[in-house]
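Listed below are the residues making up each chain.
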Amino acid sequence: MDLRALKTFEACVRLGHFQKAAEELQYAPSTVTLQIQRLEADLDVSLFVRDGKRVIVTEAGRWLHREATVLLKSVGSIRQTVSDIAAGDDGSVRFAAIEPIASQKLASVIADFYKTRPKVELTMEVSGGKSIMDRVRTGELDFGICSAPAANLMLEFEPLIEERLGVMLHVNHPLAGRDSITASDLTGLTVLVKEPTCIYRELWETTFCPIGQLPFNSIEVGSFYVIQQMVKAEFGVGIVPIYSGLELDGSSVIRPFSDLSAVLGIGIVYKDKHLLGKATSLLMNAIRDVCVNA
């Protein structure tokens with residue numbers, strides 16, 4: 001069944017005249033007549049009874065009009081949605097990011113993106129780097145923000161920023177007044193570190209542990225927020241990436257290491273750019289902009 005013929009039929013019924021339908025649709029009157037005749041032949045039923053210049057809708061025609069009206073509205077909605085998806089104004093975006101970049105850099109980007117594209121179904125998760133890579137690989141996520149994936153995962157990686165590890169200290173701590181910290185300064189302290197699966201923990205171990213036996217008491221904490229709170233309570237010092245936003249309410253400071261090169265590349269991970277929707281690509285561009293211009 002030809003949708004153009006249904007659209008012509010709907011206009012004929014609604015306007016009550018073939019000529020008026022032709023004018024609205026910008027068709028020649030003969031085109032309208034031909035489309036109605038083909039529709040009647042296709043359905044093997046009369047849709048109109050001709051009475052001179054007037055046409056009267058048959059019972060079958062009245063039923064078809066009701067159904068055609070619903071169908072044409074649905075087709076119009078489909079066309080609009082597809083158009084919006086192609087423009088990035090509709091569709092869905094599924095991504096995940098590690099902390100603390102998720103809260104420190106991406107939260108405002110996501111808020112601004114959603115304000116301008118409220119019809120996009122946006123799902124943002126905060127997760128560990130390994131989980132993000134696996135889910136991007138399997139297609140559960142469109143992209144992720146994390147460290148570089150292993151080569152065997154066959155994922156694309158675009159570097160965005162380099163993060164350096166530092167030491168979070170309470171403002172009253174004796175080391176807080178220094179511009180930088182050395183590894184030996186941690187001797188005898190209680191050091192708060194993330195869980196073993198965290199990429200920042202891995203970075204800490206690969207840069208510090210080669211020094212030898214740990215000269216301090218180490219406590220695993222599964223959240224940067226909890227590390228913040230423990231430092232605020234003057235219990236230990238935290239190993240964290242250097243973000244000014246993590247310096248909680250002026251109660252803590254973060255100082256860089258002067259003798260450790262603890263650097264981690266963070267970027268966008270995705271499987272195939274050709275599989276990414278327009279809204280996904282636009283969000284990725286927004287994330288690139290905020291990271292590059294930070």
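Use the structure listed above.
Every chain's residues receive numbers from 1 upward, in the order its sequence appears when written. Local features are withheld for residues below a pLDDT of 70 in this predicted model, meaning they are given only at 70 or higher, and side-chain atom pairs are given and counted only at 80 or more; totals for whole chains, interfaces and linings count all residues. Side-chain metrics rest on all non-hydrogen atoms present in the structure, leaving aside hydrogens and water.

K.L.:
Any chance you could break down the pattern of salt bridges for me, citing the residues and the numbers?
P.N.:
We define a salt bridge as a side-chain nitrogen of Lys or Arg found within 4 Å of a carboxyl oxygen belonging to Asp or Glu. In total, this model carries 15 salt bridges according to the counting rule given. Measuring nitrogen to oxygen at the nearest pair gives 2.8 Å for the salt bridge that ties Glu24 to Arg14. Highlighted residues: Glu24 in helix 2 (residues 18-25) and Arg14 in helix 1 (residues 3-15), separated in sequence by 10 residues. Summary of the burial criterion: residues with accessible area below 20% of their type's maximum are buried, those above 50% are exposed, and those between are partly exposed, where the area comes from a 1.4 Å probe applied to protein chains only. A relative accessible area of 42% places Glu24 in the partly exposed class. Residues Lys194 and Glu195 are paired through a salt bridge, measuring 3.7 Å at the closest nitrogen-oxygen approach. Judged by relative accessible area, Lys194 falls into the buried class, the value being 9%. Per the convention used, a helix needs a DSSP run of H or I reaching at least four residues, while a strand needs a run of E reaching at least two, with both numbered from the N terminus.

K.L.:
Explain the side chain of Asp185 to me, and be specific about the residues and the numbers.
P.N.:
Among the structural elements, Asp185 can be located in the loop between strand 6 (156-170) and strand 7 (190-193). Nitrogen and oxygen atoms within 3.5 Å of one another constitute a polar contact, given that in protein one can donate a hydrogen and the other can accept it, and given that sequence-neighbouring residues count only through two side-chain atoms. Polar side-chain contacts of Asp185 include one of 2.9 Å to the side chain of Arg178. Setting aside anything within four residues of it in sequence, one finds Asp185 in contact with Leu175 and Arg178. Residue contacts are counted whenever heavy atoms from the two residues lie within 4.5 Å of one another.

K.L.:
Would you mind going over the nonpolar core in detail, with residue names and values included?
P.N.:
Generally speaking, a soluble globular protein has its nonpolar side chains buried in company with each other. Ranked by internal contacts, the top residues of the largest apolar core, which has 68 residues, are Phe143, Ile145, Leu186, Trp204 and Ile287. Listed in part, the 19 residues of the second largest apolar core include Ala11, Leu39, Phe48 and Val57. Nonpolar core, defined: a set of buried Ala, Val, Leu, Ile, Met, Phe, Trp, Tyr and Cys residues in which side-chain atoms within 4.5 Å join the residues together.

K.L.:
Before we move on, could you go through the packing of helix 2 against helix 3 (residues 29-43) and cite the residues and values that matter?
P.N.:
Their axes nearest at 8 Å, the elements helix 2 and helix 3 cross at an angle of 110°. Comparing the axis directions of helix 2 and helix 3 gives the class roughly perpendicular. On helix 3, the residues touching Phe18, Gln19 and Ala22 of helix 2 are Pro29, Val32, Thr33 and Ile36. Only Asp, Glu, Lys and Arg are considered charged in this grouping, and only Ala, Val, Leu, Ile, Met, Phe, Trp, Tyr, Cys and Pro are considered nonpolar; every other residue, Gly among them, is considered polar. Taken together, the residues that form the contact of helix 2 with helix 3 break down as five nonpolar, two polar and no charged. Orientation is described by lines fitted to C-alpha atoms, with helices fitted over the stretch in contact, and by angles between N-to-C directions that extend from 0 to 180 degrees. The labels follow the angle: roughly parallel below 35 degrees, roughly antiparallel above 145, roughly perpendicular from 65 to 115, and oblique for the rest.

K.L.:
Mind laying out the packing of aromatic side chains, listing which residues take part and the relevant values?
P.N.:
Within 6.5 Å between ring centres, the rings of Phe, Tyr and Trp (the latter by its six-membered ring) count as paired, and their orientation is classed by plane angle as stacked under 30 degrees, edge-to-face over 60, tilted in between. For the structure on display, the rule yields five aromatic pairs. With centroids separated by 5.3 Å and ring planes inclined at 80°, the aromatic side chains of Phe18 and Phe48 adopt a geometry described as edge-to-face. Of this pair, Phe18 sits in helix 2 while Phe48 sits in strand 1 (residues 48-51), and the two are 30 residues apart along the sequence. Neither Phe18 nor Phe48 differs from the other in exposure class; each is buried. Aromatic ring contacts, followed pair by pair, group Phe9, Phe18 and Phe48 into a single cluster. In this analysis the charged atom, NZ for Lys or CZ for Arg, is taken to sit over a ring once it is within 6 Å of the ring centre and within 35 degrees of the ring normal. A cation over a ring is seen here: Lys194 above Phe224, with NZ or CZ 4.3 Å from the ring centre.

K.L.:
Help me get a handle on helix 1, residues and values and all.
P.N.:
To estimate the expected span of a helix, count its residues, drop one, and scale the result by 1.5 Å. For helix 1, spanning 13 residues, the distance from its first C-alpha to its last is 18 Å, which sits close to the expected 18 Å at 1.5 Å a residue. Within helix 1, burial applies to Ala5, Leu6, Thr8, Phe9, Glu10, Ala11, Cys12 and Val13. In this fold, the buried residues of helix 1 make contact with helix 2, helix 3, strand 1, strand 2 (54-57) and helix 4 (59-87). Sitting at the head of helix 1, Asp2 places a side-chain oxygen 2.9 Å from the backbone nitrogen of Arg4. Directly after helix 1, the chain includes Gly16, whose backbone phi takes a positive value near 75°.

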